[in-house]
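In case you want the letters, here they are:
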Amino acid sequence: MGNCQCTTKASDPRWQKLDEILAEWRDKPGNVIPVLHKAQELFGYLPREVQEYVAAGLGVPVTEVYGVVTFYSLFTMQPKGRHTISLCMGTACYVKGAQAILDALREQLGVGPGETTEDARFTFEVMRCMGACGLAPVLVVDEDIYGKVTPEGLAEILEKYE
Amino acid sequence: MERFRGHVLVCAGAGCISSGCFEVEKALKASLAKHNLTEEFRVVETGCIGTCDLGPLLVVYPGGVFYQKVEPQDVEEIVTEHLIGGQVVKRLLYKDPKSGEELEKIDQIPFYSKQLRIALRNCGQIDPDSIEEYIDKDGYKALEKALKEMSPQDVIQQIKDSGLRGRGGAGFPAGLKWQFTADAPGKPKYVVCNADEGDPGAFMDRSILEGDPHSVIEAMTIAGFAVGAEKGFVYVRAEYPLAVQRLTKALEQARQRGYLGEKILGSDFSFDIEIRVGAGAFVCGEETALIASIEGQRGEPRPKPPFPAVSGLWGCPTLINNVETFANIPAIILNGSGWLQEIGTEKSKGTKVFAIAGNVNNTGLAEVPMGTTLRELVFDVGGGIPGGKKFKAAQTGGPSGGCIPEEFLDTPLDYESLSKLGAIMGSGGLIVMDEDNCMVDVARFFLEFTQDESCGKCTPCRVGTRRMLEILTRLTKGQGEDGDIEKLEALGNLIKSTALCGLGQSAPNPVLSTIKYFRDEYEAHIYEKRCPAGICQSLLRYEIVAELCQGCGLCVRVCPTKAISGQRREVHVIDQELCSKCGNCLSKCPFGAIRKY
Ligand SMILES: Cc1cc2nc3c(=O)[nH]c(=O)nc-3n(C[C@H](O)[C@H](O)[C@H](O)COP(=O)(O)O)c2cc1C
Ligand code: FES
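Residues numbered from 1 in each chain as written. Chains lettered and ligands numbered in written order. Predicted model: local features only at pLDDT ≥ 70, side-chain atom pairs only at ≥ 80, totals over all residues. Heavy atoms only, no water.

Turning our attention to the interface of chain A and chain B. In this complex, chain A contributes 34 residues to the contact, which on the side of chain B involves 51 residues. Approximately 3,300 Å² of surface area, both sides summed, lies buried where chain A meets chain B, with 61% of it carried by carbon and sulfur atoms. Sorting the residues of chain A by area buried against chain B places Phe71, Thr91 and Arg128 of chain A first, and these three jointly supply 21% of that buried surface. Across the chain A-chain B interface, the total number found is 1 salt bridge. (Contact = heavy atoms within 4.5 Å. Buried area = accessible area lost by both parts, 1.4 Å probe. Salt bridge = Lys/Arg side-chain N within 4 Å of Asp/Glu carboxyl O.)

A few words on the site of ligand 1. All names here are of chain B. Near ligand 1 you find 18 residues, and of these Gly168, Gly198, Asn321, Asn322 and Thr325 are the closest. Between asparagine 194 and ligand 1, the recorded distance is 2.9 Å, taken from a side-chain N or O atom to an oxygen atom. At a separation of 2.8 Å, an oxygen atom of ligand 1 approaches a polar side-chain atom of asparagine 321. The protein chains hide 89% of the 610 Å² of surface that ligand 1 would expose on its own. Of all the elements in the fold, those that place two or more residues in the shell around ligand 1 are β10 (318-322) and α20 (502-506). Taken together, the residues of the shell around ligand 1 sort by class into 3 nonpolar, 9 polar and 6 charged. (Near = heavy atom within 4 Å. Polar contact = N/O pair within 3.5 Å; in protein donor to acceptor, adjacent residues only side chain to side chain. Areas by Shrake-Rupley, 256 points an atom, 1.4 Å probe, with all protein chains shown as cover. Helix = DSSP H or I, 4+ residues; strand = E, 2+ residues; numbered from the N terminus. Nonpolar A, V, L, I, M, F, W, Y, C, P; charged D, E, K, R; others polar.)

Turning to the domain arrangement of chain A, a few remarks are in order. Here chain A is described as being made up of domain 1 (9-71) and domain 2 (83-159). On a C-alpha basis, the centres of domain 1 of chain A and domain 2 of chain A stand 30 Å from each other. (Domains from an automatic or database assignment.)

Residues and elements named next belong to chain B. In this structure the tally under the stated criterion is 44 salt bridges over all chains. Between glutamate 25 and lysine 29 there is a salt bridge; the shortest N-O distance is 3.1 Å. In this pair, glutamate 25 and lysine 29 are both assigned in helix α2 (residues 21-34), 4 residues apart and thus about one turn of the helix distant. We classify glutamate 25 as buried; its relative accessible area is 6%. Note on lysine 29: relative accessible area 43%, which makes it partly exposed. In this structure, lysine 487 and aspartate 484 form a salt bridge, with 3.9 Å as the shortest nitrogen-oxygen distance. Of the two residues, lysine 487 and aspartate 484 both sit in helix α19 (residues 484-498), 3 residues apart, roughly one turn of that helix. We classify lysine 487 as partly exposed; its relative accessible area is 43%. Relative accessible area serves as the criterion here: at 0%, aspartate 484 is assigned to the buried category. Ionic contacts of the salt-bridge type, sharing partners, join the residues Arg474, Glu481, Asp484 and Lys487 into one network. (Buried < 20%, exposed > 50% of the residue type's maximum accessible area, 1.4 Å probe, protein only.)

Looking now at the packing of aromatic side chains. Residues and elements named next belong to chain B. All chains considered together, the criterion is met by 19 aromatic pairs over all chains. Judged by centre distance (5.3 Å) and plane angle (80°), the ring pair of tyrosine 134 and tyrosine 140 falls under edge-to-face. Tyrosine 134 sits in the buried class, given a relative accessible area of 2%. Taken together, a centroid distance of 5.6 Å and an interplanar angle of 70° make the contact between phenylalanine 225 and phenylalanine 269 edge-to-face. Highlighted residues: phenylalanine 225 in helix α10 (residues 213-227) and phenylalanine 269 in the loop between α11 (241-256) and β9 (272-277), separated in sequence by 44 residues. Comparing phenylalanine 225 with phenylalanine 269, the two get one shared label, buried. (Phe/Tyr/Trp six-rings, centres within 6.5 Å; stacked < 30°, edge-to-face > 60°.)

Structure, rendered in structure tokens:
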């Protein structure tokens, strides 16, 4: 990651906040995952620089932090778009036609799952069940849950997010 | 609460949230304010009431009048007609699909009338953010009884005698596990609640945590007392932020009231609970992987024994139970072990919560006595298959489970009967499939899931599931070969017997069970290059029916691969080599002249 970020560290409140989080968790057992959750909330993703900082702050090897980040699918090393679209590909949604929604989203966004549109408007992700199976197929945009989604209805949903 | 003339429950489960219940609630509160009724009717936001596809739901007490599919603009009518005028608003009631009769009360609705709610006893009944409402429903009385009237061994004996088995999948007797943990040497000890709920299609644990978080807190505290632990962890999957939020609030309230913390209720017993949030890994539902994850490591499972009861979190004796298992505990302690003994079958006591989803009329959460038949669950509680379609199979146990065909609809749902069929109880996910679901494609779907979630530690699971997925993918693409079915069976059995943890050991189940019951569908894919359900894209054929084609040319214009040709006003044809099976022509043809085979 660029050094420019390092020089602004002192003035960037996110790093100060990260220092506070590290201080709070330093002596608690099993702290790596909770701290990474909070760091990702702050920065939106976990670039190498943040991982190194967390490792040093908790006194664990960087390899261990990296190992955890790459194991869990919720941690990401790529910056995200302004909005995150998560399409449920759980069983209930799948048998109710989630594949057709996936194909339609791919076409409308021009990117596939795990990717971000060029204008950084949307990051497209798939997930496994968010527990609204009764309303399958389910789509989540940021915090909003949409049930019984159809390929035809997608455009109207996407329109709401700039 | 007596000072209110009535209550209006607003379901705020995940399903209803997505159908817009908060707008309805807002309209309701505004209307009550407008009519100066805010002091007389209390609006209670509850956890999941159960019938997710009927949402947004309102239940009005006294009376328990059940309003379904309520829109914000309907609310004024409910307030003026019902709350003020005492007249039920008939048009918003549920109509019995068989008789067409309007059913007024929640317990008249077939979805509820077959249910017996123990784990879900408070879900959809109380405000999960209010400890007072939980206490009003006998909450924390079981903890008080355990601490004041029972010894730890008494508690364990009650759970053992009740016959309660773990609801997280394997069905291990809960009391025995408590005994092992209590007897294990070493300190400190831990109590862990498994709220990872990995089966995609199951959402009972979520509903319990969101709808009745105190029942889990109370149960874990009782467990801590019984096994000699002072610290508990709830491991919740990150996809459930609302559950985390409600649980966090409930923990604070329990601490304030002295149900958690030092010297609980004046006893010598101290206990507290911390929440840990997962980070998106299915394998972390497996208990040893979950423990590794709480410890802050990659969530990789390890061989057992030693079992967590002996060596769990940080090498200490650890009791790990599922959310639903815990939710049963307070009721057992209060009512006595004999009470649960009376419910269910000989070897499976009590009830089980099922998450009914897929191609079925009433999707949602239903808790029924063990031994209820699959037919009752799908057709009575679930209301059958929509659109007059035919039932094909029910999938239980998620990626570790299997598909049960029509001929076994009368199987009683209990641990033993399900495993005899090659399915499992699992966590209670029940996905209903109709004639339009392709069983080969469903098997491929599950394999893709387990392949994706395999942690990679052992070879049978890492490589074996990949090979199986490759074969299944070929089948769905019309590239199946003679011998593929046998290869799948051989590989599946090999993985089952050699994988390190339950994920790998059960991964082949969806494939093996569909081969067992739907072999003809596999054969159609391989030998006839045909998908009987019409799902597998590459095996579909689109053709133009000459008698119906008017030669309008619309299909030519919408075809992205220029596979359709023909003179204007003459019959068109589709070049099968060029056709990408997108289906555009089928949906656009004004004369219904395109057929899909
Ligand atoms: C791959 C795999 C995934 C699992 N996922 C879950 C889960 O999501 N929730 C759960 O409670 N148990 C899950 N289990 C079962 C746990 O390992 C464990 O048996 C259970 O938490 C014990 O609690 P119980 O006895 O109350 O059921 C899973 C097991 C395996 C092998
Ligand atoms: S399977 Fe999609 S929400 Fe559960």
